[in-house]
Amino acid sequence: MMRQTGGVSVARTPERHAVRDVLADAAAQARAAVEDLGEGGVGAYLGAVAEDDTAATHHFATELPGYRGWQWAVVVAAPAGADHATISEIALLPGPDALVSPDWIPWSERIRAGDLGPGDLLAPHPDDPRLVPGYTATGDPVVDDTAFEVGLGRRQVMSREGRLDAAERWFEGEWGPSSPMAEAAPSTCGLCGFYLPLAGSLRSAFGVCGNEFAADGHVVHAEFGCGAHSDTELPGGAGSPRYEAFDDAAVEIVERPVPATEAETAEQVSETVEQATETGAGESPS
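None of the values given here were measured: they were computed from a predicted structure.

Trainee: I tried to follow the overall build of the protein on my own but got confused; where do I start?
Mentor: In terms of regular secondary structure, the protein is built from seven helices and eleven strands. Buried positions account for 24% of the 286 residues belonging to the protein. Put simply, of all contacts in the protein between residues at least 6 apart along the chain, 47% involve residues at least 24 apart. Carbon and sulfur atoms make up 55% of the accessible area of the protein, which amounts to about 20900 Å² in all.

In structure tokens, the structure reads:
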């Protein structure tokens, strides 16, 4: 439902409070309040929405550069029995089609794998579920040295949740058993001489590749594989074909053919010389 007030249309929304006449009549007053700010860019009137029985918000399109889809919102108020409204608040708010910035995400949650560079510091959260307290030194050198050898000489170690999370990433990653490289490989890493198994609970499924021509230095699944497997054999006939060795120091003398024009010229010169010789021989001396 629409009603005309001061030459502008006021929207009435049935699902909300109806805009009282005294509040609806304040549309021109609301526009003047925005213009008095001196910001400019006050566009078409977009209607009014009742906040409750004593307040309503008038909306105007904004024409400010960089604020496409935003609206000027002017809240007017009038208590029961009042014959005029007063301006309560003015704000520039995004409309339904406004261009707005994405939701703010804390820095600690924006970090992704590969973001860490030389000199960067990244501390784990105090309650990081991937870490649990490590072995506490007892003071007994025999016990402490043995604990350190098996990997317990650290303040924190990976929890079961942390190990499972890492195993899942590696399993689904580039060097997992389902990758295109693994599916085309002749054998698996678990049977390769370049495979270096990990220690601890992950030993049965993961290791590090030690082949510089393959996944060198990367954690690979035991069922991963590639064409550089230690048991790989080339098929018969592979490699470059054999040819006689070429001696680039040998010299081959080739007779250059005389062009036809040069041959004809030489023959003509020969006939001229012959004729001159015969003529000279037949003449008597004077």
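Trainee: Explain the pattern of salt bridges to me, please; I cannot follow it from the model alone.
Mentor: Think of it this way: side chains of opposite charge can pair up when their charged atoms draw near. Taken as a whole, this structure holds two salt bridges when the rule is applied. The closest approach of N and O atoms between Arg130 and Asp128, which form a salt bridge, is 2.7 Å. Judged by relative accessible area, Arg130 falls into the partly exposed class, the value being 43%. Among the residues examined, Asp128 registers a relative accessible area of 9% and is labelled buried. Residue Asp165 pairs with Arg169 through a salt bridge whose shortest N-O separation is 2.9 Å. Of this pair, Asp165 and Arg169 both sit in helix α5 (residues 160-172), separated by four residues, roughly a single helical turn.

Trainee: Looking at this model, I keep getting lost on the environment of Glu183. Mind explaining?
Mentor: Its location among the elements puts Glu183 in helix α6 (residues 180-183). A C-alpha to C-alpha distance of 9.6 Å links Glu183 and Glu223, two positions 40 residues apart in sequence. Beyond its immediate stretch of four places on either side in the chain, Glu183 contacts Pro177 and Ser178.

Trainee: Quick question: what am I supposed to make of the packing of aromatic side chains here?
Mentor: Aromatic ring pairs are described here by two measures, namely the spacing of the ring centres and the angle between the planes. In total, this model carries three aromatic pairs according to the counting rule given. Each ring, one from Tyr67 and one from Trp70, has its centre 5.2 Å from the other, and the planes form 90°; the classification is edge-to-face. Residue Tyr67 is classed as partly exposed on the basis of its relative accessible area, which comes to 33%. Residue class for Trp70 comes out buried when judged on its relative accessible area of 17%. For the pair Trp170 and Phe206, a centre-to-centre distance of 5.4 Å together with 75° between the ring planes defines the contact as edge-to-face. Here Trp170, found in helix α5, pairs with Phe206, found in strand β10 (residues 206-209); they are 36 residues apart in sequence, far enough to count as distant. When its relative accessible area of 26% is taken as the criterion, Trp170 is described as partly exposed.

Trainee: Before we go on, may I ask you to explain the sheet that holds strand β11 (residues 219-221) in this structure?
Mentor: Within a sheet, each strand pairs with its neighbour through backbone hydrogen bonds, oriented either parallel or antiparallel. Strand order in the open sheet made by the three strands is β9-β10-β11, with antiparallel pairing throughout. In this open sheet, the two strands that pair with only one neighbour each are β9 (195-197) and β11. Pairs of neighbouring strands in the sheet enclose a mean axial angle of 45°, with direction left out of account. Here three bridges tie β9 to β10, and the two strands are oriented antiparallel to one another. When the sheet's bridge partners are listed, Pro197 is paired in β10 with Gly207.

Trainee: Would you mind showing me how to read helix α2 (residues 27-35) here?
Mentor: Each α-helix winds once per 3.6 residues, and so residues spaced three or four apart point in a common direction. Listed as buried for α2 are Ala27, Ala30, Ala33 and Val34. Looking straight down α2, one finds its buried side chains confined to an arc of 120°; they lie on one side.

Trainee: Help me out: how do you make sense of the pairing of β10 in this one?
Mentor: Each regular strand shows side chains that alternate between the opposite faces of the sheet. Sheet topology note: the β10/β11 ladder contains three bridges and is antiparallel. By the bridge assignment, Val208 is partnered in β11 with Val219.

Trainee: Before we go on, may I ask you to explain the sheet that holds strand β6 (residues 86-94) in this structure?
Mentor: Pairing is antiparallel across the open sheet formed by four strands, whose spatial order is β3-β4-β5-β6. With partners counted over all chains shown, the strands left at the sheet margins are β3 (42-52) and β6, one partner each. Here the strands of the sheet are splayed against their neighbours by 20° on average, with no regard to which way each runs. The sheet strands contacting α2 are β3, β4 (55-62), β5 (70-77) and β6, and the helix crosses β3 at an angle near 120°.

Trainee: Mind showing me how you'd approach α5 here?
Mentor: Across its 13 residues, α5 extends 18 Å between first and last C-alpha, which sits within 8% of the 18 Å expected from 1.5 Å per residue. Regarding α5, the residues found buried are Gly162, Ala166 and Ala167. The buried residues of α5 occupy one face: seen down the axis, they fall within an arc of 130°. In α5, those exposed residues whose orientation departs by more than 90 degrees from the buried face are Arg160, Glu161, Glu168 and Glu172.

Rules of the game
- Residues numbered from 1 in each chain as written.
- Predicted model: local features only at pLDDT ≥ 70, side-chain atom pairs only at ≥ 80, totals over all residues.
- Heavy atoms only, no water.
- Helix = DSSP H or I, 4+ residues; strand = E, 2+ residues; numbered from the N terminus.
- Buried < 20%, exposed > 50% of the residue type's maximum accessible area, 1.4 Å probe, protein only.
- Contact = heavy atoms within 4.5 Å.
- Areas by Shrake-Rupley, 256 points an atom, 1.4 Å probe, with all protein chains shown as cover.
- Salt bridge = Lys/Arg side-chain N within 4 Å of Asp/Glu carboxyl O.
- Phe/Tyr/Trp six-rings, centres within 6.5 Å; stacked < 30°, edge-to-face > 60°.
- Pairing = 2+ DSSP bridges.
- Axes fitted to C-alpha atoms, helices over the stretch in contact; angles between N-to-C directions.
- Arc of directions from axis to C-beta.
- Expected span 1.5 Å × (residues − 1).

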